[in-house]
Amino acid sequence: GRAHLRSIMRSFSLLQEAIVSYIPTLIGQLTHKLLLVSKNPSKPHFNHYLFESLCLSIRITCKANTTTVGSFEEALFPVFTEILQNDVQEFVPYVFQVMSLLLEIHTSSIPNSYMALFPHLLQPVLWERTGNIPPLVRLLQAYLEKGGATIASSAADKIPGLLGVFQKLIASKANDHQGFYLMNSIIEHMPTESIVQYRKQIFILLFQRLQSSKTTKFIKSFMVFINLYGVKYGAIALQEIFDSIQPKMFGMVLEKIVIPEVQKVSGPVEKKICAVGITKILTECPAMIDTEYTKLWTPLLQALIGLFELPEDDSIPDDEHFIDIEDTPGYQTAFSQLAFAGKNEHDPIREVTSNPKILLAQSLHKLSTACPGRVPSMLSTSLNAEALQYLQGYLQAASVQLV
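Residues numbered from 1 in each chain as written. Predicted model: local features only at pLDDT ≥ 70, side-chain atom pairs only at ≥ 80, totals over all residues. Heavy atoms only, no water.

Peer 1: Help me get a handle on helix H10 (residues 176–189), residues and values and all.
Peer 2: The end-to-end C-alpha distance of H10, which contains 14 residues, comes to 20 Å, matching closely the 20 Å that a straight helix rising 1.5 Å per residue would cover. With 11 of 14 residues buried, H10 is to be regarded as a mostly interior element. Every buried residue of H10 is accounted for by Asp176, Gln178, Gly179, Phe180, Leu182, Met183, Asn184, Ser185, Ile186, Ile187 and Glu188. On its buried face, H10 is in contact with helix H8 (133–154), helix H9 (159–170), helix H11 (192–195), helix H12 (199–212) and helix H13 (216–233). (Helix = DSSP H or I, 4+ residues; strand = E, 2+ residues; numbered from the N terminus. Expected span 1.5 Å × (residues − 1). Buried < 20%, exposed > 50% of the residue type's maximum accessible area, 1.4 Å probe, protein only. Contact = heavy atoms within 4.5 Å.)

Peer 1: An account of the packing of aromatic side chains is requested, with residue identities and associated values reported.
Peer 2: Scanning all chains against the criterion turns up 19 aromatic pairs. A ring pair is formed by Phe77 and Phe80, whose centres lie 6.4 Å apart and whose planes are at 40°; its orientation type is tilted. One end of the pair, Phe77, and the other, Phe80, are both in helix H4 (residues 69–85), 3 residues apart, so they sit about a helical turn from each other. Both residues of the pair, Phe77 and Phe80, belong to the buried class. Plain terms: the ring middles of Phe203 and Tyr229 are 4.9 Å apart, the flat faces sit at 80° to each other, and that makes the pair edge-to-face. Of the two residues, Phe203 sits in helix H12 while Tyr229 sits in helix H13, which places them 26 residues apart along the sequence. Both residues of the pair, Phe203 and Tyr229, belong to the buried class. Of note, Arg199 hangs over the ring of Tyr233, and the distance from its end group to the ring centre comes to 3.9 Å. (Phe/Tyr/Trp six-rings, centres within 6.5 Å; stacked < 30°, edge-to-face > 60°. Lys NZ or Arg CZ within 6 Å of the ring centre and 35° of its normal.)

Peer 1: Tell me about the pattern of salt bridges, and please be specific about residues and values.
Peer 2: As enumerated under the stated definition, the model contains 16 salt bridges in all. Among the ionic pairs, Lys146 bridges to Glu145, the shortest N-O distance being 3.9 Å. Between Lys264 and Glu261 there is a salt bridge, with its nearest N and O atoms 3.0 Å apart. Of the two residues, Lys264 and Glu261, both sit in the buried class. Here the salt bridges share partners, and the residues they tie into one network are Asp176, Arg209 and Lys217. (Salt bridge = Lys/Arg side-chain N within 4 Å of Asp/Glu carboxyl O.)

This is the structure we're talking about:
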């Protein structure tokens, strides 16, 4: 049983390439075992190793030959469908992880077999169980990455359901970050015209949550989201959507959230998104140069240089230390993370730049040639000396000057 599976996994890891030719036989055996235990899932450890073995055999085989992903799907989908239809609670989170792993291997468009399951993944009952949330969000992210255009063209009626999931997740202090993972994938992968009608509603939902409970975790995710939005749709679009909800709101968000809190953003990709987003606000948004927002220009630049150069602020208010457990009905440690189903780190703005400091220098140079004299005078009046020194370093590294 368990020890046997464990030793299979160990030899798997060692044999890797040599094992590829035996995998079809193995899939048959694992699938057969899976069908048996799904009728009576009483041994949690055995079940966990069974799914780990599946993930490992998928990884090894598909690394050697990505086209083999289809044979796994043919073998596994009937079993998965049965597990989902019979709602075998112990297995559902595992199924989502294996499906994510399979879907992420696909290089072209999303297969029909996945699209047939898509509506079922949005059913509210699945989202009631805490343990389903992380693997389900990851699976929806894989759907968006591989099939954003397909969803827009052949399942557009499901977009409100997708946004309903986002709304439910961001209302929860424990799961709001998962809601942002989902929304960031929507922004990155859905064709612009397919979500244009929902954009304002998305921002209004975020504001309602900011007003009802503004936790550090929420603010960090919120900053990444608005900056990703600015990178994707442009800084003017970001400013306009805020100010269309309420006049002067864009300035309020910069002053009350971005400038004082950006130092709390953690994670290299998250920091990069914020750095590029803020660079665009500083250099591609006319309202920052010619309106009452201009007084925020230098403080925002100072905050950006702080994000680059100062240590991260990881302080958490005393009343927020227990957020992870509260507001999860009948708290259950039901999320069973599979080691071999791991997800790769993803950078949604890898095309934009690999060096945000150089991008800032180049963007400031471009802005300064468009309005000569303005940028140096804004810098000299209120940027502190240390920040100015760092900025000179970026300009030198980029071989540009301000005019």
